[in-house]
Amino acid sequence: MLACFLEAPKKVAVKDVPIPKLEAGDILVRMKASGICGTDLEKIEGQLGPGGILGHEVSGTVEKVADNVTEHKPGERVVAHHHVPCYQCAYCSNGNYTLCNEFKRTNIDPCGFAEYFRVPQYNVSRGAVIPLPPELSFEEGAMIEPASCCIRAIRRANIKQGDNILVVGLGPTGLTQIQLLRHATTAKIIGSDIVEARLRLGKKLGADETINALEQDVQAHIGNITKDGVDLAIVSTGNEKALSQAFGSVRKGGRILLFGAPSHGASYQLNVSELFSRQITLLSSYSCVEAEMEEAIRLVSEKRLDLKSLITDRFKIRDAKKAMEFAKTSKTAIKTIILP
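1. Description of the overall build of the chain
Now for step 1: The helix and strand inventory of the chain stands at 12 helices and 15 strands.
Now for step 2: In terms of C-alpha radius of gyration, the chain reaches 20 Å, essentially the compact-globule figure of 20 Å for 340 residues.
Now for step 3: For the chain, the proportion of its 340 residues judged to be buried stands at 55%.
Now for step 4: Accessible surface computed for the chain: about 15,300 Å², of which carbon and sulfur atoms make up 49%.
Now for step 5: Each charge class in the chain can be summarised by its mean position, and for the 42 positive and 39 negative side chains these summaries are 2 Å apart.

Next comes the structure, spelled out in structure tokens:
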């Protein structure tokens, strides 16, 4: 089978490798669609540390199950989650599943950008292989994981009906958050980005205003719209410079939610005195678990969440290297999908 690997920083290779062999409790999935995440691009650039497995936004059909697996059968349409908590430790008992020490130790084998991938028994036994309803396409299935991360983040933000909200960065997750926020607040939703295609889609998907940060002063524009500033600013990009927009736009007593994954070692010059005196709450949210994935599937099935509109480009797995470069440099791409 073909699979895409990160061999060294900035060196991606598509190789012909053996199909993974199953051990007790494992499932083999034939990949049908796999989304390129911003963290995949950061891994390639070495921004998240050395090495890393590429591809985790996956959907497909069950190809084969180990002899002792009874809850899944060949031919079943599924999405699979790569990281799974233990559901038993102190972190899990308090609902902090993505802080579980086991969470990042789990993964699919060899990666999500592969014609076939193995879901290990640890993941299978904890519900990380989730049926994909027939009304959802495999491409929508590949978008379920990032949508689930957005659901978890918005829940952590404790949004009230009258909250004015700024979303900084209108990539696939920022645009998903715009849609979810439309169900959470009746007040203003504002999006900022530097790519016109994303700004246009942001308005189509529910933003009241969009701001091109290259052409307008975001803080001043927010002041004109909201008077005192937004109640919540969500930073949906890993670029730490975007924090300036958030801190400059949030009202006294407001909240800032860090969502986009920053590079390892990234820093931001923070005025701690101002953070203290303005009583700003700084939150972060990382990844998701199976409950949020099931919720995302339900929202898409009920047509309350549009993931199709976010998919702009598709590449075959043999062209995965080209796809990564395209996703990194394109001024029109929103979500790029790898197909078998």
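2. Regarding the pairing of strand β11 (residues 230-235)
Here is the key point about a regular strand: its side chains alternate between the two faces of the sheet.
Now for step 1: With 6 of 6 residues buried, β11 lies mostly within the body of the structure.
Now for step 2: Bridge count for strand β8 (residues 165-168) against β11 is 4 bridges, and the pairing is parallel. Across the sheet, I165 pairs through a bridge with L232, a residue of β11.
Now for step 3: Here 5 bridges tie β11 to strand β12 (residues 250-258), and the two strands are oriented parallel to one another. Bridge pairing in β12 places A233 opposite I256.
Now for step 4: Note on the crossover from β11 through helix α9 (residues 243-249) to β12: the handedness is right-handed.

3. Focus on the packing of helix α5 (residues 144-156) against helix α6 (residues 172-182)
Now for step 1: Look at α5 against α6: their axes get within 9 Å of each other, and the N-to-C directions meet at 50 degrees. With respect to α6, the axis of α5 lies oblique. Crossing angle aside, the handedness with which α5 passes α6 is right-handed. Facing P146, A147, C150, I151 and I154 of α5, the residues of α6 in contact are T173, T176, Q177, L180 and L181.
Now for step 2: Across the contact of α5 with α6, the residue classes tally to 7 nonpolar, 3 polar and no charged.

4. Let's talk about the nonpolar core
Now for step 1: I144, I159, L181, L307 and L310 are the most contacted members of the largest nonpolar core, which totals 46 residues.
Now for step 2: If you list the elements that add at least two residues to this core, you get α5, β8, α6, α7 (196-204), β11, α11 (290-301) and β15 (335-339).
Now for step 3: No other element matches α5, which puts 7 residues into this core.
Now for step 4: The contact partners of L310, leaving out residues within four places of it in the chain, are M143, P172, L175, T176, L201, L205, I334 and K335.
Now for step 5: Membership of the second largest hydrophobic core comes to 36 residues, among which are M1, I27, I44 and V62.

5. Topic: the environment of R156
Now for step 1: Mapping R156 onto the fold places it in helix α5.
Now for step 2: Taking relative accessible area as the criterion, R156 reaches 38% and is therefore assigned partly exposed.
Now for step 3: Excluding residues that lie within four positions of it along the chain, R156 makes contacts with N96, L283, S284 and S285.

6. Re α6
Now for step 1: The element α6 is largely enclosed, with a buried count of 10 among its 11 residues.
Now for step 2: Every buried residue of α6 is accounted for by P172, T173, G174, L175, T176, Q177, I178, Q179, L180 and L181.

7. Description of α5
Now for step 1: The end-to-end C-alpha distance of α5 is 19 Å, a good match for the 18 Å that 13 residues give at a rise of 1.5 Å each.
Now for step 2: Across the 13 residues that make up α5, a large majority, 11, are buried.
Now for step 3: Along α5, the positions that sit buried rather than exposed are I144, E145, P146, A147, S148, C149, C150, I151, R152, A153 and I154.
Now for step 4: As for α5, its buried residues are in contact with β4 (57-65), β5 (77-80), α4 (138-142), α6, β12 and α11.
Now for step 5: Just downstream of α5 lies N158, where phi reads positive at about 55 degrees.

8. Considering the environment of N101
Now for step 1: Structurally, N101 can be placed in the loop between α2 (90-93) and β6 (116-119).
Now for step 2: Residues N101 and C86, 15 residues apart in the sequence, show an inter-C-alpha distance of 8.3 Å.

9. Some points on the pattern of salt bridges
Now for step 1: Within this structure, the stated rule accounts for 19 salt bridges.
Now for step 2: Among the salt bridges present, the one from E292 reaches R152, with a minimum N-O distance of 3.2 Å. Note that E292 is positioned in helix α11 and R152 in helix α5, a separation of 140 residues in sequence.
Now for step 3: Taking relative accessible area as the criterion, E292 reaches 5% and is therefore assigned buried.
Now for step 4: Residue D231 is joined to R251 by a salt bridge in which the shortest nitrogen-to-oxygen separation is 2.5 Å. Of this pair, D231 sits in strand β11 while R251 is found in strand β12, placing the two residues 20 residues apart along the sequence.
Now for step 5: Counted as one network, the salt bridges with shared partners bring together K10, E45, E325 and K328.

The rules behind each value
Residues numbered from 1 in each chain as written. Predicted model: local features only at pLDDT ≥ 70, side-chain atom pairs only at ≥ 80, totals over all residues. Heavy atoms only, no water. Helix = DSSP H or I, 4+ residues; strand = E, 2+ residues; numbered from the N terminus. Rg over C-alpha atoms; globule rule 2.2 N^0.38 Å. Buried < 20%, exposed > 50% of the residue type's maximum accessible area, 1.4 Å probe, protein only. Areas by Shrake-Rupley, 256 points an atom, 1.4 Å probe, with all protein chains shown as cover. Lys, Arg positive; Asp, Glu negative; His and termini not counted. Charge placed at Lys NZ, Arg CZ, Asp CG, Glu CD. Pairing = 2+ DSSP bridges. Right-handed = clockwise from strand over helix to strand, strands pointing away. Axes fitted to C-alpha atoms, helices over the stretch in contact; angles between N-to-C directions. Parallel < 35°, antiparallel > 145°, perpendicular 65-115°, else oblique. Left-handed = near helix turned anticlockwise from the far one by under 90°. Contact = heavy atoms within 4.5 Å. Nonpolar A, V, L, I, M, F, W, Y, C, P; charged D, E, K, R; others polar. Core = buried A, V, L, I, M, F, W, Y, C linked by side-chain atoms within 4.5 Å. Expected span 1.5 Å × (residues − 1). Salt bridge = Lys/Arg side-chain N within 4 Å of Asp/Glu carboxyl O.

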